[in-house]
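Spelled out from the first residue to the last, the chains are:
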Protein chains: 2
Amino acid sequence: MRHFFYPSNIAIFGAGAGPKNLAKNIVHNCLSMGFEGNIFPVGKNQGEVFGKKIITDPESLPQGIELAVILVPAGQVAQTLDICGRKGIRSVIISTGGFREFKEKGNQAEAAVIDMAKRHGIRFIGPNCIGVICTESGLCTPFAPFQTKSLKNGHVSVIAQSGGVASQTAYQFSEEHIGFSKIISMGNKLNLNEIDFIKYLMDDDRTGQIHLYLESIDHGRKLIDIARKSEKPIVIFKSNVSRTASQVAQSHTAALANNDQVVNAALKQAGIVRVKSIHEMTVCAKVLELPSLKGNRLVALSLSGGFSVILGDACEKYGFICPELPREFLSEIESFRRGGVIKMSNPMDFGDIHTIAALKFAVEKCLALEYIDGLALCFMYGPEIARMLGEEISHPALLLDFIKKMSVKAGKPIGLSFFAEKKYIEQLKATNIFPVFNDPEESVLALKMLRDYGLHKTEMLHNNVIGMRSEEKKSKIIDQAIKRGQTTLSEYESKQVLANYGIQVTKEKPVENKTGLLETIKEIGYPIVLKGCSPDIAHKTEKDLIHIDIRNEDEAIAAFDKITAGMNGSGNSVLVQEMVRGKREFVAGLTRDPQFGQCVMFGLGGIFTEILNDVVFRVAPLERRDALEMMREIKGSKILDTVRGMASVDLNMLADILVTVGRIGMENKQIKEIDINPLIISGSKPVAADALIVLE
Amino acid sequence: MRHFFYPSNIAIFGAGAGPKNLAKNIVHNCLSMGFEGNIFPVGKNQGEVFGKKIITDPESLPQGIELAVILVPAGQVAQTLDICGRKGIRSVIISTGGFREFKEKGNQAEAAVIDMAKRHGIRFIGPNCIGVICTESGLCTPFAPFQTKSLKNGHVSVIAQSGGVASQTAYQFSEEHIGFSKIISMGNKLNLNEIDFIKYLMDDDRTGQIHLYLESIDHGRKLIDIARKSEKPIVIFKSNVSRTASQVAQSHTAALANNDQVVNAALKQAGIVRVKSIHEMTVCAKVLELPSLKGNRLVALSLSGGFSVILGDACEKYGFICPELPREFLSEIESFRRGGVIKMSNPMDFGDIHTIAALKFAVEKCLALEYIDGLALCFMYGPEIARMLGEEISHPALLLDFIKKMSVKAGKPIGLSFFAEKKYIEQLKATNIFPVFNDPEESVLALKMLRDYGLHKTEMLHNNVIGMRSEEKKSKIIDQAIKRGQTTLSEYESKQVLANYGIQVTKEKPVENKTGLLETIKEIGYPIVLKGCSPDIAHKTEKDLIHIDIRNEDEAIAAFDKITAGMNGSGNSVLVQEMVRGKREFVAGLTRDPQFGQCVMFGLGGIFTEILNDVVFRVAPLERRDALEMMREIKGSKILDTVRGMASVDLNMLADILVTVGRIGMENKQIKEIDINPLIISGSKPVAADALIVLE
C-alpha cells in the first residue's frame, strides 16, 4: 500500500505534448509539489512534457517503478495493465472513466481490467478517479491543473469517492488552515475501497484523523467493525441521500443509494461522526483538536448580547443545556461592570464588561465548575478593540494563546468564534494556535460533533465487537416451516418463535371448528379477537378476516362463520386471541439491509408507521444502550412517558424486546424479516399483538 | 424621520477626552465615514475629541441641530432629553444601556425618559442601542471604533435589535459585496420600533430590500399588515427561539420570546422571507437580485459528478424537483463529450465536457424549456481551467457576464456556485456582475428563498388585507352563557356554536333522566356515546365520564348511572351522542397569541397532539389557500390521502372548517379559545366529535 503514497518512481500512461492532453497535467502537478522520484510519461507520440521525454515504447521502461497512473481510453486499460504487470508494477491508479458508470455493470472493458489485474497481482485505485495527493512525498496525480502551492501539510487524511470533491476538499481544508497528509480519490472502487484505505491510514503515523466523502457504502458491516477498532477519529460526509441525487450518482461513480436511516444508525454505532458538507468536515477536523467534551452542559458567553442570544438558540438546537450558575459567582462577574448595565445569566452577555481580567475570571471559573463540560465563546476582535481590552491580547497570537491556556488548564473545550471583520478572523485562524470557528452557531455545531464523538467512542474501544457474535441456533418452528416449503410463518407460528425467545405475545390458540372455538374462549375469556390464520394470508384487515372486541358467544360464532367463509379454502384455522387494549402502539422488527445486514427497526405503530415514517434502525446485534437510544430517537418518544393518565412504558421490557429481535435475526439466518405490528402497550407492558416472520 | 439618517448637524452627549470614553468613538466614526455636517461633542469636562472642542455648557449649543446621540448614565438621560427639547432637537438616539434590560419593566429612569420625550415631542431610537449607520450621509453612531472604510454602499437597509448584530451585519454584507444604504440598531424599542422603520424604508428611494434582525416581535398584526403592502422584499432573521436564549434576550434587549410556530406562519402569510443567520441574510440579499423563480422545477448542473450529487441532495432537501429531460436533448449534449464517458441526466454531470459551447448549449436549452423554472449551476474556476475552457470566459468578469446574459435572456434565475479556491471565488464575487454563492448547497437554499418569496408575494399584493375584515356578529349562545356567568361553554353549547356556522358536529342531545335517554337513543341509534355534560367539567376522560361504543339498553343504563354518580353534583345533564368511527383524528382550534391575536391551529389529533406537537398555525382570518397549506404542512399530512384502504379526506370540507374557525374567532371577540378535539374523519368527512369554547 505504501507505493500508492510514497513511490520511488512513477510511470504515467496516456501522456502527450498536445495542448488538450490531460495526463501531462499529472507530471506538472507532481513536479510543482516537489515529488522527488523519477517520472516517466508514456504515450503514443514522441515529444516532451515539462522537460520529460515521452516514452513511446513502454517495453523500454526501466524496472523499479513502483506506481503507474493510467489515463488511456477505457478499451486500452487492460493492455496497459498487462505492460505494468510485465514491468513489475503492482500498484496502479486507473484514472480513466467510462466503465460501469457509463455502461451497465460488468461490461467487457471492466471485466478485462479485473482479469488482467488478477493475473499480475496488481492492486489498483479507480477507475474513474484522480488518485492520490500526498503532501509529504509530493505525489499529486489529479489530471487537472492543481494549485499545489495552496496546500497545507498536516495530519488529516481524506478518502473521497469523487475526484471533484477530493480536490475541493484539499483546497477547503487548506483555506481553513487544516493541514492534510493524504487525499485519495477512489472513483468506482473496483479493486481498492474505503475499507482498505481506512486500514492503511489507521496504521499510518502521519495520519491523525480519517475523513471520508462517500456516495455509497458497499461493505457496511466491515466498515462498522473496523471503525470501532480505530483509535483515530473517523468522519464521514455521505451524500447521495435523495432520489434526485441517486440518478446522477449512479452514472457518476456507480454509487447505489443506501437506506439513509440505516446509514445514520450504523455510523453512530461505529463511533463515526457524520457531517453534511465539505465545510462541516473542516469544522469537525478543527474541533477534534480540542480536549474532549464529556457531557452536555455548556456556558455560552459573548461580548455582545445579540450573539449571546444566537449562541443560546444554537445550544438548544444542538441539544446542549446551559445550567444556571451560582448567584454569588454571577455577582462577582457583575462587579467588573462599567455602567452597572448587564444582568448576568447563562448564556452570558459580556457586552458591558471590557476588561480582560473579568473575562479571564469568568472563563476560568466557569470551566472549573464540576457541572460544566465546556464553553461556547463568541469574542470580538479588531486592532482598536484589542488595544482597548489590554496588552495581553493585543495581537491575534496573544489572544489565542490566552484562550488556549484556559482550555488546556481545565481540560475542557472552548468553542471559539468572533464577531469581527473577516480579515481579522482569517488572521486569527492563520495563527493555527487554537481552533477558530466562522460564527457562533458553527462553534456550537462543532461542540456537538465533539460531544457525540466522545460519548460513543470511549465505551466502544472497550467493547469493539459488533460482528457475528451470536451463535446460530435454529428454531424448530422455522425448520418445520421450511420443510413444509413455507416462505412465511403464520401469525401463530411467528408469535411462537418470539415467545420462545421470551417476548410476550397475546394469549392465543388456533382452532379448527366451533367446538374448539368455544372451549378456547373459555380459557382466554371475553373480549376476544378472531383472525383467519394461515401463512398464505396477508392483508387480513382488508380481507375482513379480523374481528375484534367480540364480547359474547353470538358475536363469536357469527365472526367465526364470516372468517371461515372469507378464507376461501386457504386453510381453515381461526386464531382465538385475547383482546389487548392499549392506546399506544409500536412497531418493532428486523430487516436485512443489502450493505449492513440484519438491522432492528423500531417506531410508532398502527397507522402512524407509514404516515410519519417515524422509525429508527440499529445494526444487529444490539447493545442494551442501542435499544434505549432507539426509544429516545423516535419523534414520538414522549409517548413512552406518563401521558394522558397512562403509566409510562416499561422501558426495560421494551429494550429487551429490541435486543432479542436482533438476537433472533443473528441466530436464525433463514429469517429475512420480522414484523411485530402492533406491539401494544397494555398497562405499561409491551405485548406483541400481531407478528409476521418472512423466511428467505 | 429623515433627521435620523440625513441630519444637517448633530450633538453627541457624553463625550470626553479620556482614553476609555466611548462617546468620542462616535465622533471618530462619523468623521472617518465622511459625515459633512457639524458635530458638537457635549461633555462634563473640557477638552477636545478629534479636533472638536467639547461643549461643557449645553445651553451654548446652537439652534439647527437635527439629531442628538445620548451616551450618558441612565439616570441622566431624561435631563439630557430636556436639554435637547429646549434646543429644538426632536430626533434622538439614546445609546445608553441600563433600563428595562437590567431592572424590571417600567423602572423609574425609563418612565422619566418617556415622559420627557413626550413633553418635547421627541422621537427616539433606543435606549440600549448603537443607533444608525447611513452610507450616503456618513452618519455612523456606534460607540465602538468602526472600520468605516470596509463598508459598501448599496440598496439593502437593515433594522436590528442588537447593536453587536447590527455592526456585524454591516461587515458581513460588505464582505459578501452587498452594499447597504442604512443600518439601524433599535435596542429596547421604547419609542421607535421596527414598524416605524419599515414604513420609512418602504418609501425610501435608496432602499431596495429591507432586512431585519429581531429578538422579539411586539406588534405582530401591524407587521403583517404593513409587510403585505410592501413592494420591496422584507427579510427577517428572528432569533430568541429557545428557552435557553430567552433568558439572556430578556436581560439584553428586554425581548420576550414569541411562539415560534405562530411567528413562522405569520411571516409566511405576510410574504416575509425568514432566514436563520446573518449569513443567510446575505444569501437572501443576493438571490433577490435574480429574476423571480416561478415554480419548483430545476435543472442541476455541475462540472463535477460529485457536486452534481451534492446539488441533487440539496434540491430534494429544499423541495425542488429535477424533471427528466427529453432523451434527444440529452443526446445532443452527450455529443459534445470528449471520451464518451458521462451519461446525461438531471442532475447533470458535465465532468467530461470541457467546451464552453456545450455549456452554453445546455444552459440555454434547459432554461428555454417551458417546464423548467431555473438552474442550479456549480461551475469550476481557476485561471488554467478558464483558459482551457475558452477565451470567452477566461476572466472572472467575462465568465459572469456570460452567465448573466443567459439568465437575463431567459428571465429565469441561475443559482451559481463554484468549486474553486476561495481566492478565486472572492474574485468572482468582487466583480458584482452576477450573484455568486459560496457552495452548491447554498445556491439551492438561495433558490428556495427566491421561490418561497415569489410564490406568496405576487398574490398578496393584489389582496393585501388580513386585518379586522370580518364584522362582529355575536352568537346568541355565547351571549346567554356570558349572562349566566360562564367562562366556558359546555361541549353541547360549544358544538351548537360550531354547527350554527356550518361545521358538522356529532348528532347529539343532552338528557336529564333515563326516559329522555332512551327516547334520544331511538332518534340517534346504536352504537352511542354517553358523556357527562357541564361547562364545569374538564378532563372528562380521566374522570371516567365518557362511555363509548354502547351497543344496547343495558349498557346504556349502566353507563348513565355511572356518569351521573361521577358528576358529583356538577350538573346532571348527560349528552347522548352518535358514535363516530374513524381511525383518523385531527385537532382544530383557535388561540390568542399575545402579539398576533387570533390564530387558527390545526394538527394531528388524539394522543398525538401532545406527543408529536404536530400542529401548525395561521393568523386569522384565513384565506382558503392558508387552510390548504396548513394541511400540507403538518408532519403527518400523508394521513389525509388514501391510506390503508381508507378514502382520502375531503380537503375542501376540512379547509372550510379551518377558515370558519378563524371567522368565528374574528366575529366573536369574547372567544378566547376554541378547541375541536378530536375532529374525526368519518368516511372522508370531518366531524367535530368533541369541542370546547373558552370565553374571556
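Only a predicted model underlies this, so the values are computations on that prediction, with no experimental measurement involved.

Visitor: Where do I start with the overall build of chain A in this structure?
Guide: Scanning chain A from N- to C-terminus turns up 23 helices and 27 strands. Taken along its principal axes, the extent of the C-alpha atoms in chain A is 95 × 80 × 40 Å. Sorting the 696 residues of chain A into buried and exposed places 61% on the buried side. In chain A, of all internal contacts separated by at least 6 residues, the share reaching a separation of at least 24 is 71%. Looking at charge distribution, chain A has the averaged site of its 83 positive side-chain charges lying 3 Å from that of its 81 negative ones.

Visitor: Sorry if this is basic, but what is going on with the packing of aromatic side chains here?
Guide: Aromatic rings considered in pairs are described by the distance between their centres and by the relative angle of their planes. For the structure shown, the criterion picks out 16 aromatic pairs over all chains. Centroid distance Phe329(A) to Phe361(A): 6.2 Å. Interplanar angle 55°. Geometry classified as tilted. With Phe329(A) in helix α11 (residues 327–334) and Phe361(A) in helix α12 (residues 356–368), the pair connects residues that are 32 residues apart, well separated along the chain. The residue whose ring lies beneath Lys182(A) is Phe5(A), and the NZ or CZ to ring-centre distance is 6.0 Å. If you follow Arg451(B) out to its NZ or CZ, it ends over the ring of Phe320(B), 4.4 Å from the centre.

Visitor: What is the right way to look at the pairing of strand β19 (residues 528–532) of chain A in this model?
Guide: A regular strand places its side chains on the two faces of the sheet in alternate fashion. Residues and elements named next belong to chain A. Across the five residues that make up β19, a large majority, five, are buried. Every second residue of β19 is oriented toward a common face, with Ile-528, Leu-530 and Gly-532 on one face and Val-529 and Lys-531 on the other, all of them buried. Here β19 runs beside strand β20 (residues 546–550); their pairing, made up of three bridges, is antiparallel. Directly across from Lys-531, in β20, lies its bridge partner Ile-546. Across five bridges, the pairing between β19 and strand β21 (residues 574–578) is antiparallel. Bridging across to β21, Ile-528 finds its partner in Glu-578.

Visitor: For this particular structure, what's the right way to read the environment of Pro383(A)?
Guide: Among the secondary structure elements, Pro383(A) is positioned in helix α13 (residues 383–389). In this structure, the C-alpha to C-alpha distance between Pro383(A) and Ser394(A), residues eleven residues apart in sequence, is 7.0 Å.

Visitor: What is the right way to read the packing of α11(A) against α12(A) from this model?
Guide: Residue and element names in this part refer to chain A. Interhelical geometry of α11 versus α12 gives an angle of 165° and a closest axis separation of 10 Å. Between α11 and α12, the angle is such that the two are roughly antiparallel. Pair α11 / α12 crosses with left-handed handedness. Residues Phe-329, Glu-332 and Ile-333 of α11 form the contact with α12, whose own contacting residues are Phe-361, Ala-362, Lys-365 and Cys-366. A per-class count over the contact of α11 with α12 returns five nonpolar, no polar and two charged.

Visitor: Explain the nonpolar core here, please?
Guide: Soluble globular proteins: nonpolar side chains tend toward being buried together. In terms of nonpolar packing, the biggest core is built from 198 residues, with Phe350(A), Phe418(A), Phe350(B) and Phe418(B) touching the most fellow members. Filtering out sequence-adjacent residues up to four positions away, Phe418(A) remains in contact with Cys378(A), Phe379(A), Met380(A), Tyr381(A), Leu399(A), Leu400(A), Ile425(A), Leu428(A), Val436(A) and Phe437(A). With 94 residues, the next largest nonpolar core counts Ile634(A), Met646(A), Ile664(A) and Ile671(A) among its residues.

Visitor: What's the story with the sheet that holds strand β14 (residues 298–302) of chain A in this structure? I'm lost.
Guide: Hydrogen bonds between backbone atoms are what pair the strands of a sheet, whose relative direction is either parallel or antiparallel. Residues and elements named next belong to chain A. With parallel pairing, four strands are arranged side by side in an open sheet as β15-β14-β16-β17. Here the strands that pair on one side only, and so sit at the sheet edges, are β15 (348–349) and β17 (414–419). When β14 meets β15, the two strands line up parallel, connected through two bridges. Looking at β15, one finds that Ser-302 is bridged to Asp-349.

Visitor: Can you walk me through the sheet that holds strand β20 (residues 546–550) of chain B in this structure?
Guide: All names here are of chain B. Read from one edge to the other, the open sheet built from four strands follows the order β18-β21-β19-β20, with strand pairing classed as antiparallel. Only two strands of the sheet have a single partner each, and these edge strands are β18 (508–511) and β20. On average, each strand axis in the sheet is tilted by 20° relative to the strand beside it, whichever way the strands run. Note that β18 and strand β21 (residues 574–578) share four bridges and pair antiparallel. Looking at β21, one finds that Pro-510 is bridged to Leu-575.

Visitor: Which parts of the structure should I look at to understand the relation of the copies chain A and chain B?
Guide: What relates the pair of chain copies is a rotation about an axis plus a shift along that axis. For the pair chain A and chain B, the superposition axis carries a translation of 0.0 Å, the fit reaches an RMSD of 0.1 Å, and the rotation angle comes to 180°. Accordingly, the operation relating the two chain copies is best matched by a two-fold axis. Of the interface residues in chain A, 99% have counterparts in chain B that sit at the interface too, so the contact is made through matching surfaces.

Visitor: Looking at this model, I keep getting lost on the state of the cysteines. Mind explaining?
Guide: Such a bond, covalent and formed between the sulfur atoms of two cysteines, is termed a disulfide. Under the definition given, this model contains zero disulfides over all chains. Among the cysteines around Cys322(A), which has no disulfide bond, Cys315(A) carries the closest sulfur, lying 3.8 Å off.

Visitor: Can you walk me through the side chain of Asn193(A) in this structure?
Guide: All names here are of chain A. When you line up the elements, Asn-193 lands in the loop between β10 (180–185) and α5 (194–202). One polar contact links Asn-193 to His-219, side chain to side chain, over a distance of 3.0 Å. When residues no more than four places from it in sequence are discounted, the contact partners of Asn-193 are Met-186 and His-219.

Visitor: Looking at this model, I keep getting lost on the interface of chain A and chain B. Mind explaining?
Guide: The accessible area lost on association of the parts is a frequent measure of interface size. Across the boundary between the two partners, chain A contributes 85 residues, which contact 84 residues of chain B. The junction of chain A with chain B conceals about 7,400 Å² of combined surface from both sides, 57% of it contributed by carbon and sulfur atoms. Between chain A and chain B we count six salt bridges in total. Between Asp549(B) and Arg551(A) there is a salt bridge, with the nearest N and O atoms lying 3.5 Å from each other.

Visitor: Would you take a moment to explain the confidence of the model for chain A for this structure?
Guide: Low pLDDT marks stretches whose predicted atomic positions should not be read closely. Residue and element names in this part refer to chain A. Per-residue pLDDT for chain A averages 90, and the proportion of residues at 70 or more is 93%. Segment residues 464–470: pLDDT under 50, and 23 contacts once partners within four positions in sequence are set aside and those in other chains are kept. The ipTM for the predicted assembly is 0.90, set against a pTM of 0.91.

Visitor: I would appreciate a short explanation of the pattern of salt bridges in the present structure.
Guide: Side-chain pairs of opposite charge can arise whenever the charged atoms involved come near each other. Tallied over the full model, the rule gives 85 salt bridges over all chains. Note that Lys317(A) and Glu441(A) form a salt bridge whose closest N and O atoms lie 2.8 Å from each other. A residue pair is termed long-range when its members are at least 10 positions apart, and Lys317(A) in helix α10 (residues 305–317) and Glu441(A) in helix α16 (residues 440–462) qualify at 124 residues. Since its relative accessible area comes to 25%, Glu441(A) is described here as partly exposed. Among the ionic pairs, Asp626(A) bridges to Arg618(A), the shortest N-O distance being 4.0 Å. Taken individually, Asp626(A) and Arg618(A) each receive the classification buried, so the pair is uniform in this respect. In the salt-bridge network here, residues are joined through shared partners; they are Asp549(A), Arg551(A), Glu555(A), Arg581(A), Asp549(B), Arg551(B), Glu555(B) and Arg581(B).

Scoring rules and cut-offs
Residues numbered from 1 in each chain as written. Chains lettered and ligands numbered in written order. Predicted model: local features only at pLDDT ≥ 70, side-chain atom pairs only at ≥ 80, totals over all residues. Heavy atoms only, no water. Helix = DSSP H or I, 4+ residues; strand = E, 2+ residues; numbered from the N terminus. Buried < 20%, exposed > 50% of the residue type's maximum accessible area, 1.4 Å probe, protein only. Contact = heavy atoms within 4.5 Å. Lys, Arg positive; Asp, Glu negative; His and termini not counted. Charge placed at Lys NZ, Arg CZ, Asp CG, Glu CD. Phe/Tyr/Trp six-rings, centres within 6.5 Å; stacked < 30°, edge-to-face > 60°. Lys NZ or Arg CZ within 6 Å of the ring centre and 35° of its normal. Pairing = 2+ DSSP bridges. Axes fitted to C-alpha atoms, helices over the stretch in contact; angles between N-to-C directions. Parallel < 35°, antiparallel > 145°, perpendicular 65-115°, else oblique. Left-handed = near helix turned anticlockwise from the far one by under 90°. Nonpolar A, V, L, I, M, F, W, Y, C, P; charged D, E, K, R; others polar. Core = buried A, V, L, I, M, F, W, Y, C linked by side-chain atoms within 4.5 Å. Least-squares fit on C-alpha atoms with pLDDT ≥ 70 in both. Disulfide = S-S within 2.5 Å. Polar contact = N/O pair within 3.5 Å; in protein donor to acceptor, adjacent residues only side chain to side chain. Buried area = accessible area lost by both parts, 1.4 Å probe. Salt bridge = Lys/Arg side-chain N within 4 Å of Asp/Glu carboxyl O. pLDDT = per-residue confidence, 0-100.

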